[in-house]
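# Examination of the molecular architecture
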Amino acid sequence: MMGPSHALSGAAVWLTGSWALDYFADYHQSPLALAVGTAVCAGGALFPDLDLSGKVTRNQGGATVARTFGVFSLFVAEVMEKISLGVYYATKLSRDPRRNNGHRTLTHTIPFTVLVGWGTTTLCTAYGKWAVVSILFFMIGLALRGLFDKWAERAGWVIVTLVSAAAAWFTFANLPGDRGYPMIGLAVGVGCFVHILGDMITKAGVPILWPIPIKRRMWTMIGLPNSIALRTGSKAEVVVLRTALTVLSVLAAVGLVAPSVLQRFNIEV
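Residues numbered from 1 in each chain as written. Predicted model: local features only at pLDDT ≥ 70, side-chain atom pairs only at ≥ 80, totals over all residues. Heavy atoms only, no water.

Per an unreviewed UniProt entry, the chain goes by Metal-dependent hydrolase and derives from Micromonospora wenchangensis.

Written as structure tokens, this is what we have:
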């Protein structure tokens, strides 16, 4: 699945989940909290693809998301790809094939998703708003690259970096002063999990059951049968899926905002 679809799926899931919590559990969030959660979940839904590296010194190649912050994010992708490949060879069994790169291995597993979500929450709890602003800067950048891919490509990584920094600083200045922020770690973890589900409906699949060995394979790729699997970049993804995710996001956002607007104007439904 392509980057914009991943980011949009993260935003749609977070907005829909927030609406469900608001409607069924009476759990309200401020507009800033909703915006932050949606952006972080959208960025988290792109994070696993930072295992697809390119040419760092030339600022080329790699996944689209790996070029979000230019050479810096390409370097991060290079490191993550090598770590993923190392874990693959350290844990592979006799029937696991040889690989030249670590794409769709470690970062596309449930243990990685849990680790990232837990690690984000731990950092926010330990270091408070300074950790939060750093995580927001990175995740908002990924979200911008995914949700507004055409604009981000034209603007270039410098503008994306500046916009991400401004958005992160604005959020930093308006966040409450406590040191919890568990929703940020949850948003990152949910985004990563949504990414895995998105890649599961493509032909390549993901090793979602790792590290459970299956028939002398540790890295069994799980996905839909080829006859019904989504082809990356196809009209089914670009037109049908993205349209459905956009409609879902808009409906959830309207459902979250409408009650407060109606209440403000004393309108009863």
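And the narrative resumes.
Closest axis-to-axis distance for the helix α1 (residues 3-24)/helix α8 (residues 182-200) pair is 9 Å, and the angle between their directions is 125°. Looking at the two axes, α1 sits oblique to α8. As α1 packs across α8, the resulting crossing turns out to be right-handed. Here α1 contributes His6, Ser9, Gly10, Val13 and Trp14 to the contact with α8, which in turn contributes Met183, Leu186, Ala187, Val190, Val194, His195, Gly198 and Asp199. (Axes fitted to C-alpha atoms, helices over the stretch in contact; angles between N-to-C directions. Helix = DSSP H or I, 4+ residues; strand = E, 2+ residues; numbered from the N terminus. Parallel < 35°, antiparallel > 145°, perpendicular 65-115°, else oblique. Left-handed = near helix turned anticlockwise from the far one by under 90°. Contact = heavy atoms within 4.5 Å.)

Within this model, the largest pocket holds a volume of roughly 420 Å³. Lining of the largest pocket is provided by 22 residues; of these, Met2, Gly3, Pro4, Ala63 and Thr64 occupy positions nearest its centre. Elements with a contribution of two residues or more to the lining of the largest pocket: α1, α5 (129-147) and α6 (149-155). (1 Å grid on protein atoms, 1.4 Å probe; cavity = no way out; pocket = protein on both sides within 12 Å on 5 of 7 lines; lining within 4 Å. Points joined across faces, edges and corners; volume = space filled by probe spheres on them.)

Leaving glycine aside, a negative phi is the common case for residues, and trans is the common case for peptide bonds. The amide bond that connects Trp210 to the next residue, Pro211, takes the cis arrangement and shows omega of 10°. The phi dihedral of Arg104 falls on the positive side, at around 60°, and the residue is not glycine. Relative to the helices and strands, Arg104 resides in the loop between α3 (71-91) and α4 (110-127). Residue classification places Arg104 among the buried positions, given a relative accessible area of 12%. Non-glycine residue Arg216 carries a positive phi angle of around 60°. Considering the arrangement of structural elements, one finds Arg216 in the loop between α8 and α9 (235-264). (Buried < 20%, exposed > 50% of the residue type's maximum accessible area, 1.4 Å probe, protein only.)

Once that is clear, we can look at the packing of α4 against α5. α5 packs onto α4 with a crossing angle of 140° between their chain directions and a minimal axis gap of 6 Å. Judged by the inter-axis angle, α4 sits oblique to α5. The residues of α5 that touch α4, namely those facing Thr120, Leu123, Cys124 and Tyr127, are Lys129, Trp130, Ala131, Val132 and Ile135.

Taken together, the side chains of Leu147, Phe148, Trp151, Trp157, Val158, Ile159, Leu162 and Val163 make up a nonpolar region of the molecular surface, amounting to roughly 680 Å² of accessible area. Examining the composition of the nonpolar patch, we find that five residues originate from one element, helix α7 (residues 157-174), more than from any other. Topologically, Phe148 is positioned in the loop between α5 and α6. What makes Phe148 partly exposed here is its relative accessible area of 46%. (Patch = residues over 30% accessible without salt bridge, like charges linked within 9 Å, V, L, I, M, F, W, Y side chains within 5 Å. Areas by Shrake-Rupley, 256 points an atom, 1.4 Å probe, with all protein chains shown as cover. Salt bridge = Lys/Arg side-chain N within 4 Å of Asp/Glu carboxyl O.)

The subject of this paragraph is the pattern of salt bridges. Taken as a whole, this structure holds five salt bridges when the rule is applied. The partner of Lys82 in a salt bridge is Glu81, and the shortest N-O contact between them spans 2.8 Å. Beyond isolated ion pairs, a larger network of salt bridges with shared partners links Glu78, Glu81 and Lys82.

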